[in-house]
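# Structure assessment
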There are 4 protein chains.
Amino acid sequence: MNFKSDNAASVCPAVLDAILSAAPSAAAAYDDDEWSSRLDGAFSALFGHDCTVLPVNTGTAANALALAAMVPGYGAVVCETDAHIHVDECGAPEFFTGGAKLLLVKGEHGRLTPERLAAGLAAHRGDAHQVQIGALSLTQATEAGTVYTPDMVAALAAHAKARGWRVHMDGARFANAVAHLGCHPGDVTWRAGVDVLSFGAIKNGGMTAEALVVFAPDLAPRLRFLRKRAGQMPSKGRFQAAQLLAMIEGDVWLANARAANAAAAQLAAAAGARLRYPVEANELFLKMHPGEVSRLRAQGFDFYDWGDAGSDEIRLVTAWDIPPAHVAALAEALEQ
Amino acid sequence: MNFKSDNAASVCPAVLDAILSAAPSAAAAYDDDEWSSRLDGAFSALFGHDCTVLPVNTGTAANALALAAMVPGYGAVVCETDAHIHVDECGAPEFFTGGAKLLLVKGEHGRLTPERLAAGLAAHRGDAHQVQIGALSLTQATEAGTVYTPDMVAALAAHAKARGWRVHMDGARFANAVAHLGCHPGDVTWRAGVDVLSFGAIKNGGMTAEALVVFAPDLAPRLRFLRKRAGQMPSKGRFQAAQLLAMIEGDVWLANARAANAAAAQLAAAAGARLRYPVEANELFLKMHPGEVSRLRAQGFDFYDWGDAGSDEIRLVTAWDIPPAHVAALAEALEQ
Amino acid sequence: MNFKSDNAASVCPAVLDAILSAAPSAAAAYDDDEWSSRLDGAFSALFGHDCTVLPVNTGTAANALALAAMVPGYGAVVCETDAHIHVDECGAPEFFTGGAKLLLVKGEHGRLTPERLAAGLAAHRGDAHQVQIGALSLTQATEAGTVYTPDMVAALAAHAKARGWRVHMDGARFANAVAHLGCHPGDVTWRAGVDVLSFGAIKNGGMTAEALVVFAPDLAPRLRFLRKRAGQMPSKGRFQAAQLLAMIEGDVWLANARAANAAAAQLAAAAGARLRYPVEANELFLKMHPGEVSRLRAQGFDFYDWGDAGSDEIRLVTAWDIPPAHVAALAEALEQ
Amino acid sequence: MNFKSDNAASVCPAVLDAILSAAPSAAAAYDDDEWSSRLDGAFSALFGHDCTVLPVNTGTAANALALAAMVPGYGAVVCETDAHIHVDECGAPEFFTGGAKLLLVKGEHGRLTPERLAAGLAAHRGDAHQVQIGALSLTQATEAGTVYTPDMVAALAAHAKARGWRVHMDGARFANAVAHLGCHPGDVTWRAGVDVLSFGAIKNGGMTAEALVVFAPDLAPRLRFLRKRAGQMPSKGRFQAAQLLAMIEGDVWLANARAANAAAAQLAAAAGARLRYPVEANELFLKMHPGEVSRLRAQGFDFYDWGDAGSDEIRLVTAWDIPPAHVAALAEALEQ
């Protein structure tokens, strides 16, 4: 019974069907095919705003490319201390940007605020001896499993824009966030000031495609070259495009995310006071009682330890396809 | 009737079946799945030599990563003037290596020789004012549609090794080369001195995976990090691994390449004296008679102009799935 | 009366004489001159160990080159939170290394310890998703004006070496540290495990040259190329070499540093309880009483505010050439 | 009797005096001193146009920084096949630009023309698979010792600007070119379309400073950060500024260059038909008769062999301080 990662999930039928339908016949290479040509329109309709969509292979590539379009090598990106771009991408943002620095600010329950940005960066002078802050990167849903509301994003983006920074959103679990908020996807992105969104699909039932959704038209042209130069322009681009179209057409992305969120909510109710943060997406962070961790594992539940060694902290992740019986079993185990 | 590019080809059934079988159930993320764990063994068996296999998304990523493992930023890579890494990768090798330079040497029918290397690099002093040559990159089959024999590769690699250079092979059409040579794949790679091979699969019936085949064990560890940092370590790695396994198991890669080569040979016989180079793989470069180009297009044949404007030169590419009727029609048109 | 920075100091006569003697006649370019050829020998004699010396133009270049020789682009350098390489070099270490990350650990009075390293990096897993730590950078004297003893450096270097990291010492004020310690310069560098030292000269009476002193012979060859590629190989290299030779011959470097340290000690005695850290070199950090800062400025003393806005904290720096009368005047003002 | 390189020359008295006058007293660090503050004004007056001046340590740094301000990492710089930026800078342009490519076009007598650019780049498609040309770099005087007239520069810059490229001039021997042309320095730079000039001083009697002269105001801001990040912002900046001011005040730069050019002209008259190119600055390239080379060396003349091994080709360079007796002796030897 696997609660380790939504990265381990299966591929959803809609995505698989789309791949199958694109496979048997030849199609023009390098994004000149019919699937790729529909991407911009489909995402623009979804978000209610003209955007340019660039499929990539991984969330790391999406994030690093977005940041490379925003800041020069002598630039800096502000992000939360535990952000994936800082902790889990092996320096990809530094590589793609040509050496820009990530400046870390601690959030509350994973969420940055304008006040925390101001305090955390108070010592940054910004003169010629220092890197030049050029972007703010927000993770939605956050690394703590919480979600920024449209108002929260708007306040942060306003803070950024007032300083000349661009705004990136790492949306590896963007679907889970929107499913939680129940808002229009535009409300929490371009309407709130987001310039580029890394739209996650793989954790949410996709196979091998994430989408870079570019709302700021000035950033799109250079991203075409940055993407190719990063080895992220596939010759058979239709297979990435087809996955992404299948994901958003018929709102598969929201349906999948709702399933994952519902499982997380069920577990959250059972976890009670063990919860370290509000559960707003599909991740739970629990501070366990002594002995509980090994007992759960002995019962067949698999998950990651979290936090410092010996902290009795664990992470649970619910994927879109998690079997209800597994969720019920874990909820029951937690309630005992 | 499409003779533009094997990049436009369909996906072969074996690859598709492999993807389908990997999709429905969950599997450990980040190459900890059963498909990924079989890659090294399967390719080691195929090549008759221990190797490390790293799947990537594009040939550009494969090439750029291989070179980044071989040369430092102050280094240089020697390649043929028309090499894909120089002409068609938007500077990816320079990006991945941190700024290494490509030093160009003109080949004969696309093939470098030790003599051409010596002459072409005679003016390179190699003192501290200059970049330091660290690698030779060969394209197999070449950009001219010709093929290096094992002896040719061995002579070039010996030239390289005597100077302390590593040897990379860009094998976007490696299958076509081996199908032409009829040799063991190890004969023209590690036995001849190749350190890393970019093993092409996408043009040859694959979907979204190429393989970096690392024969030199000292280069493998750093490639794991370079790959992740390049955004090329997918969370659902089983879908790349499954494609690659399907391609080499049962020699699908050779069967597909033989089909493409046979079509090219049929066209070559028809093209006769128009051929600029020997046809040894699945590309043909033809110097056409005046008026012929537009007449062929009017008959429904699609292909690229090649060479300088007004040169009446064209390129024809035959993919693994090219319909025999299309080939026969074009052969007949050329014979008239 | 200037207590802002030793970077503002005059050039000492020995350095000036050396420049003058090298200027009037021609000499071979690019380090083939007689001054440059004596550098390795002179520094090897000074440190009691064979070393390679590479003159550079700035401390930033020295530090960034040293780190670039130690870690790959996917690497990381551990340093103190306030280290110059992190705060004041506009991302030069990231640029020169090709994007390596600086991992920050807070020291005590500016000094790292093995325990602080272990605690501060406990969450760093070091798997393929993360940057690979490859170097520890120590600042001697520290950013807090304190000094590492040979034992402290040895303990830190042992911690580093046990993990496969290299050790860099940013010695912008190395002379002040050695003058304070009264030890042999080798005791606090190579004997304690330092691989490369950025030997500061400019703040200490030099004009335009710092020295990269390479104790680890495996790092020297690549530094020659890294230096040239960074635009740090001057055609008239004799003017950098002559400055560095003048600085160490006759122990000018120690005499100058002792003068600066003595002035700082005189001020420290007067500052009393205002001192935030022990004064062991030529920098003082003072927590002032309300009103004192403006009163000192009104008396003609110039210096930097430090720390957060409104913290009443200041920094005082004493250069090698600070007029004794200025020091006495400030000491008297502080004692009132 | 040294005809190897003007890099070996002595430092001229005006430069030395300026350094001496800046040395004895303290001055604000990091370009806040009185010398640095006069730089922009002095060069703006000299060129008849507002410009920003950034002193650097080497010509390589000047060139690489200029190009880094002009092109992104996926960009390309067009230059002559033998350009110093390609042949003698150990990949510095690639490093500073983040991996941009140098595209080479062969000139005539070292000089590019719009026609040669058009022909040499005819095969460059410029689509997303290729690097994007963003700058043209001209060397003035050229690597062949010839000089671009203002009309020639204007025609090349017009060709560049029509394509959206910026124009850089590598003026390591700019003074020699202007001395030859007898024109206003603005005529052959900003008036002709040059955006940034690497103004050489070191070969021409300077010591350790070259000037980046930025005519295009949009490029200046980012160059401040690029320069610092490259370790090229010295704490005691007054010593670079003082050298540069001394060089242009009283037209020392032109006087020195005229002396060097006159010596070259004297040798050119003696060399006669041996000359490979017109002698317009202070470099001569001679195709010698068999036996002549060793005879000249036996007579005490020192110089570099040039071209391919066994080609009997040599290079002679005359510096600003070359003793007239040496020139006369060599002229006489050549006339025999």
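Residues numbered from 1 in each chain as written. Chains lettered and ligands numbered in written order. Predicted model: local features only at pLDDT ≥ 70, side-chain atom pairs only at ≥ 80, totals over all residues. Heavy atoms only, no water.

## Considering the overall build of chain A
Per the secondary structure count, chain A includes 13 helices and 10 strands. Computed over the C-alpha atoms, the radius of gyration of chain A is 20 Å, within 12% of the 20 Å expected from 2.2 N^0.38 for a compact globule of 336 residues. A principal-axis box enclosing the C-alpha atoms of chain A has dimensions of 60 × 55 × 30 Å. Relative to its full complement of 336 residues, chain A shows a buried share of 65%. Excluding contacts between residues fewer than 6 apart, the proportion of contacts in chain A whose partners are at least 24 apart in sequence is 75%. Element-wise, carbon and sulfur atoms account for 53% of the exposed surface of chain A, whose accessible area totals about 10,700 Å². (Helix = DSSP H or I, 4+ residues; strand = E, 2+ residues; numbered from the N terminus. Rg over C-alpha atoms; globule rule 2.2 N^0.38 Å. Buried < 20%, exposed > 50% of the residue type's maximum accessible area, 1.4 Å probe, protein only. Contact = heavy atoms within 4.5 Å. Areas by Shrake-Rupley, 256 points an atom, 1.4 Å probe, with all protein chains shown as cover.)

## A few points about the interface of chain C and chain B
In this complex, chain C contributes 15 residues to the contact, which on the side of chain B involves 15 residues. Across the interface of chain C and chain B, roughly 1,400 Å² is buried in total on both sides, 69% from carbon and sulfur atoms. For the pair chain C and chain B, the number of links is zero salt bridges. Taken together, chain C and chain B are joined by six residue pairs in polar contact (both at pLDDT 80 or more). (Buried area = accessible area lost by both parts, 1.4 Å probe. Salt bridge = Lys/Arg side-chain N within 4 Å of Asp/Glu carboxyl O. Polar contact = N/O pair within 3.5 Å; in protein donor to acceptor, adjacent residues only side chain to side chain.)

## Things to note about the sheet that holds strand E6 (residues 196-199) of chain A
Residues and elements named next belong to chain A. Read across the open sheet, the seven strands follow the order E1-E7-E6-E5-E4-E2-E3; overall the sheet is mixed. Edge strands, defined here as strands with exactly one partner in the open sheet, are strand E1 (52-56) and strand E3 (101-105). Strand-to-strand, the axes of this sheet are offset by a mean angle of 25°, without reference to chain direction. Of the pairings in the sheet, the one linking strand E5 (residues 166-171) to E6 comprises four bridges and is parallel in character. Residue pairing across strands places Gly-171 opposite Phe-199, the latter belonging to E6. (Pairing = 2+ DSSP bridges. Axes fitted to C-alpha atoms, helices over the stretch in contact; angles between N-to-C directions.)

## Description of the sheet that holds strand E2 (residues 75-80) of chain C
All names here are of chain C. Spatially, seven strands are ordered E1-E7-E6-E5-E4-E2-E3 in an open sheet, and the strand pairing comes out mixed. Across the chains shown, the open sheet's two edge strands, defined by having one partner strand only, are strand E1 (52-56) and strand E3 (101-105). Each strand of the sheet is rotated relative to its neighbour by a mean of 25°, with strand direction disregarded. Sheet topology places E1 next to strand E7 (residues 210-214); five bridges connect them, and they run antiparallel. Looking at the pairing, Pro-55 lines up with Ala-211 of E7. Together, E1, E2, strand E4 (132-139), strand E5 (166-171), strand E6 (196-199) and E7 form the strand contacts of helix H3 (residues 59-70), whose direction differs from that of E5 by roughly 180°.

## As for the packing of aromatic side chains
Any two aromatic rings considered together are summarised by their centre-to-centre distance and by the angle between their planes. Residues and elements named next belong to chain A. Considering all chains together, one arrives at 54 aromatic pairs over all chains under this definition. A centroid spacing of 6.4 Å and a plane angle of 80° characterise the contact between Phe-47 and Phe-199, whose relative ring orientation is edge-to-face. In this pair, Phe-47 sits in helix H2 (residues 34-47) while Phe-199 sits in strand E6, placing the two residues 152 residues apart along the sequence. Pair check on accessibility: Phe-47 and Phe-199 agree, each one buried. Ring geometry for Tyr-277 and Phe-285: centres 5.8 Å apart, planes at 65°, overall edge-to-face. (Phe/Tyr/Trp six-rings, centres within 6.5 Å; stacked < 30°, edge-to-face > 60°.)

## Brief notes about helix H3 (residues 59-70) of chain D
Residue and element names in this part refer to chain D. Taking 1.5 Å of rise per residue, 12 residues should cover 16 Å, and H3 covers 17 Å from first to last C-alpha, within 8% of that figure. With 11 of 12 residues buried, H3 lies mostly within the body of the structure. Of all the residues in H3, the buried ones are Thr-60, Ala-61, Ala-62, Asn-63, Ala-64, Leu-65, Ala-66, Leu-67, Ala-68, Ala-69 and Met-70. (Expected span 1.5 Å × (residues − 1).)

## Things to note about the side chain of His-129 of chain A
By the element assignment, His-129 of chain A lies in the loop between helix H6 (114-120) and strand E4 (132-139). We classify His-129 of chain A as buried; its relative accessible area is 14%. With residues up to four places along the chain from it excluded, the contact list for His-129 of chain A reads Val-87, Asp-88, Glu-89 and Cys-90 of chain C together with Tyr-30, Lys-228 and Met-233 of chain D.

## Observations concerning the side chain of Thr-142 of chain D
Mapping Thr-142 of chain D onto the fold places it in the loop between strand E4 (132-139) and helix H7 (150-162). A distance of 3.1 Å separates a polar atom in the side chain of Thr-142 of chain D from the backbone nitrogen of Ala-144 of chain D.

## Observations concerning the interface of chain B and chain A
With 46 residues of chain B in contact, the opposing surface of chain A contributes 46 residues. The contact between chain B and chain A buries some 3,700 Å² in all, and 61% of this surface belongs to carbon and sulfur atoms. When residues of chain B are sorted by the area they lose upon contact with chain A, Phe-95, Arg-229 and Lys-236 of chain B head the list and together hold 21% of the total. Taken together, the connections running from chain B to chain A amount to 26 residue pairs in polar contact (both at pLDDT 80 or more). Elements with a minimum of two residues in the side of chain B that touches chain A: helix H1 (13-22), helix H3 (59-70), helix H5 (92-97), helix H9 (220-229) and helix H10 (238-248) of chain B. Considered class by class, the residues forming the side of chain B that touches chain A number 25 nonpolar, 14 polar and seven charged. (Nonpolar A, V, L, I, M, F, W, Y, C, P; charged D, E, K, R; others polar.)

## Considerations on the relation of the copies chain C and chain B
Aligned on chain B, chain C shows an RMSD of 0.0 Å; the corresponding rotation is 180° and the shift along the axis is 0.0 Å. Such a combination of turn and shift is consistent with a two-fold rotation axis. Considering only C-alpha atoms, the part of chain C nearest the rotation axis is Gly-98 of chain C, at 3.1 Å. Interface overlap between copies: 100% of the residues of chain C at the interface are likewise at the interface in chain B, consistent with a symmetric, same-surface contact. (Least-squares fit on C-alpha atoms with pLDDT ≥ 70 in both.)

## Observations regarding the domain arrangement of chain A
How big an interface is tends to be stated in terms of the accessible area lost upon association of its parts. Residue and element names in this part refer to chain A. Taken domain by domain, chain A comprises domain 1 (13-252) and domain 2 (253-335). Computed from C-alpha coordinates alone, the two centres of domain 1 and domain 2 are separated by 27 Å. Of the residues lining the interface, 27 residues belong to domain 1; the matching set on domain 2 comes to 20 residues. For the pair domain 1 and domain 2, the two sides together bury roughly 1,900 Å², of which 56% comes from carbon and sulfur. Among the residues of domain 1 in contact with domain 2, Gly-145, Arg-173 and Asn-176 are the three that bury the most area, contributing 24% of the side total. A salt bridge links Arg-111 to Glu-280; the nearest nitrogen and oxygen atoms lie 3.0 Å apart. For the pair domain 1 and domain 2, the interface holds 17 residue pairs in polar contact (both at pLDDT 80 or more). Where the side of domain 1 that touches domain 2 is concerned, the elements lending two or more residues are helix H8 (174-181) and helix H10 (238-248). Sort the elements by how many residues they give to the side of domain 1 that touches domain 2 and H8 lands first, with six residues. Looking at the side of domain 1 that touches domain 2 residue by residue, the classes come out as 14 nonpolar, eight polar and five charged. (Domains from an automatic or database assignment.)

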